[in-house]
Amino acid sequence: MTKRDYYEILGVSRDADDQALKGAYRKLALQHHPDRNPGDHAAEEKFKEAAEAYSVLADSQKRAAYDRFGHQGVSMAGGGGGFDPSAGFPDLGDILNDVFGFGDVFGGSRQRRSRAQRGEDVRYDLEISFEDALRGLTADIQVPRLEECGRCKGKGAEPEDGLVTCSMCRGRGEVIYQQAFLSVRRTCSQCGGRGQIIRRPCKECKGEGHLRRERKLKVNIPAGVGEGTQLRLSQEGQPGSAGGPPGDLYVVLKVAEHPIFERSEFDLHCTVPINIAQAALGASVDLLTFDGIQTVKIPEGSQPGARVRLKGLGVPRVNASGRGDLYVHLDVKVPSKLTRDQRRLFEQLGEHLPAENEPQSKGIFDKVKDYFL
Ligand SMILES: [Zn+2]
Ligand SMILES: [Zn+2]
């Protein structure tokens, strides 16, 4: 089954901002919510489809991956099958709470707020040199990230007597209201669903439950990476809460330009100036490449703009074998200032060379003449 375009599902343009996305998602979620369409399987599918589309587009990294590579990009960037409904529906609690009074309809989510949650993914931008992108390297990076506070074990309260049971929900984390013939559950607003309230904040982390630390990491960058390549370091993102796993760290590469070489996919290009004698007679030119000095054989009669291919001297293909090629573009320089001797030689040469342009202009006159016979 082919998957529909996420923007199309939400009915928004490709440059829609967060507010527009959320609005479109809210509208669809309310319209197709299973509680409003009992037994309607099609509505349930639409509901899930909208949630999936929103979960991707609301995440700037996943959205960028989707914009560039489509559905496949999302499953690559997400480090898994893209969307996992059991992980909960994005923002649905907030969106539906005011209408239905509860969050999730597919999994008993009454304890969801206090349940283990995966930490956030973190992006780290790393600039590397053109050569390093070709050769690969191990880079040392320092990533600021949150770490669980050891004193309070992430609870944010002084050990022993820092926490008290919430008086509003009596520790249950939710409150039940009677609304017409429905009993509606809401997350307790006083404790945010945790069932406990901090009476004395932890001295170490000031009640945050985590501390900001610089973390040193080594990143193995394979040979052949390019601008915008993303490397995922599993579980090196922000820590999870309530025992949930940490998020991932994405190292996004920026590759510096090179003064001589340009890159196109896995091929390299450079331009070498030669004089008209070298172009006409052929020549050997030494070129300093990433594989040391290479002799470039310029064939006899090379035209301006011609290129010589050096097979296999391009960029290594990431996650595959082999390398691209190196193309040397020939820039034939016509001398603009001649010495007296050079001028004499060119004049002699000119007398012996056929005038390439004359037969053509004659041809045009002949053709024009044909029309006026
Ligand atoms: Zn603490
Ligand atoms: Zn409470």
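Fair warning: this is a prediction, and the values are worked out from it, not measured in the lab.

Direction of pairing for strand E11 (residues 267-275) relative to strand E15 (residues 326-333): parallel, over a ladder of eight bridges. In the strand pairing of E15, Asn275 is matched with Lys333. Alignment of strand E14 (residues 307-310) against E15, held across four bridges, turns out to be antiparallel. Directly across from Leu310, in E15, lies its bridge partner Leu326.

With that settled, the discussion passes to the coordination of the zinc ion (ligand 2). Listed as protein donors to the zinc ion (ligand 2) are Cys166 (SG), Cys169 (SG), Cys188 (SG) and Cys191 (SG); their distances from the metal cover 2.2 to 2.3 Å. Because the angles between the four donor atoms bound to the zinc ion (ligand 2) fall within 101 to 116 degrees, the donor set is best described as tetrahedral. Each donor residue of the zinc ion (ligand 2) lies on one chain, and together they are spaced C-x2-C-x18-C-x2-C. Taken as a pair, Cys166 in the loop between strand E3 (163-165) and strand E4 (174-179) and Cys188 in the loop between strand E5 (182-187) and strand E6 (196-198) lie far apart in primary sequence, 22 residues in all.

Let us now look at the sheet that holds E14. Sheet strands pair by backbone hydrogen bonding; their relative direction is either parallel or antiparallel. The strand order across the open sheet built from four strands is E10-E11-E15-E14, with neighbouring strands paired in mixed fashion. A strand with exactly one partner marks an edge of an open sheet, and here the two such strands are strand E10 (262-264) and E14. Recorded for the sheet is a direction-independent mean angle of 30 degrees between the axes of neighbouring strands.

Glancing now at the layout of surface pockets. Computed from the structure, the second largest pocket encloses a volume of approximately 1100 Å³. In terms of lining residues, the second largest pocket is bounded by 35 residues, among which Arg68, Gly226, Glu227, Gly228 and Thr229 are the most central. Of all the secondary-structure elements, those providing two or more residues to the lining of the second largest pocket are helix H4 (60-69), helix H5 (71-77), strand E8 (230-233), strand E9 (249-255) and E10. The element best represented in the lining of the second largest pocket is H4, accounting for six residues. Looking at the lining of the second largest pocket residue by residue, the classes come out as 16 nonpolar, eleven polar and eight charged.

What counts and what doesn't
- The written sequence of each chain sets the order in which its residues are numbered from 1.
- A letter from A marks each chain and a number from 1 marks each ligand, given out in the order of writing.
- Given that the model is predicted, a residue must reach a pLDDT of at least 70 before its local features are reported, and side-chain atom pairs must reach 80 or more before they are shown or counted; all residues, however, enter totals for whole chains, interfaces and linings.
- Side-chain numbers come from the whole structure's heavy atoms, not from hydrogens or water.
- Note on pairing: DSSP must find at least two bridges between two strands before they are called paired.
- Here a helix means four or more residues in a row that DSSP labels H or I, a strand means two or more in a row labelled E, and each is numbered from the N terminus.
- Any N, O or S atom lying within 2.8 Å of the metal counts as a donor, with the limit raised to 3.2 Å for Na, K and Ca; because water is left out of the atom set, some sites can appear incomplete.
- Geometry is assigned from donor-metal-donor angles: four donors are tetrahedral when every angle falls between 85 and 135 degrees, four are square planar and six octahedral when opposite donors sit over 155 degrees apart with all other angles between 65 and 115, and any other arrangement is irregular.
- Axes, fitted as lines to C-alpha atoms, cover a helix only where it is in contact. Angles between the N-to-C directions of the axes lie from 0 to 180 degrees.
- The rule is simple: put a 1 Å grid over the protein atoms alone, call a set of points where a 1.4 Å probe fits but cannot get out a cavity, call an open set with protein on both sides within 12 Å along at least five of seven lines a pocket, and count a residue as lining if it has an atom within 4 Å of a point.
- Grid points are joined across faces, edges and corners, and a volume is the space filled by probe spheres set on the points.
- Amino acids outside the nonpolar list (Ala, Val, Leu, Ile, Met, Phe, Trp, Tyr, Cys, Pro) and the charged list (Asp, Glu, Lys, Arg) are all regarded as polar, and Gly is one of them.

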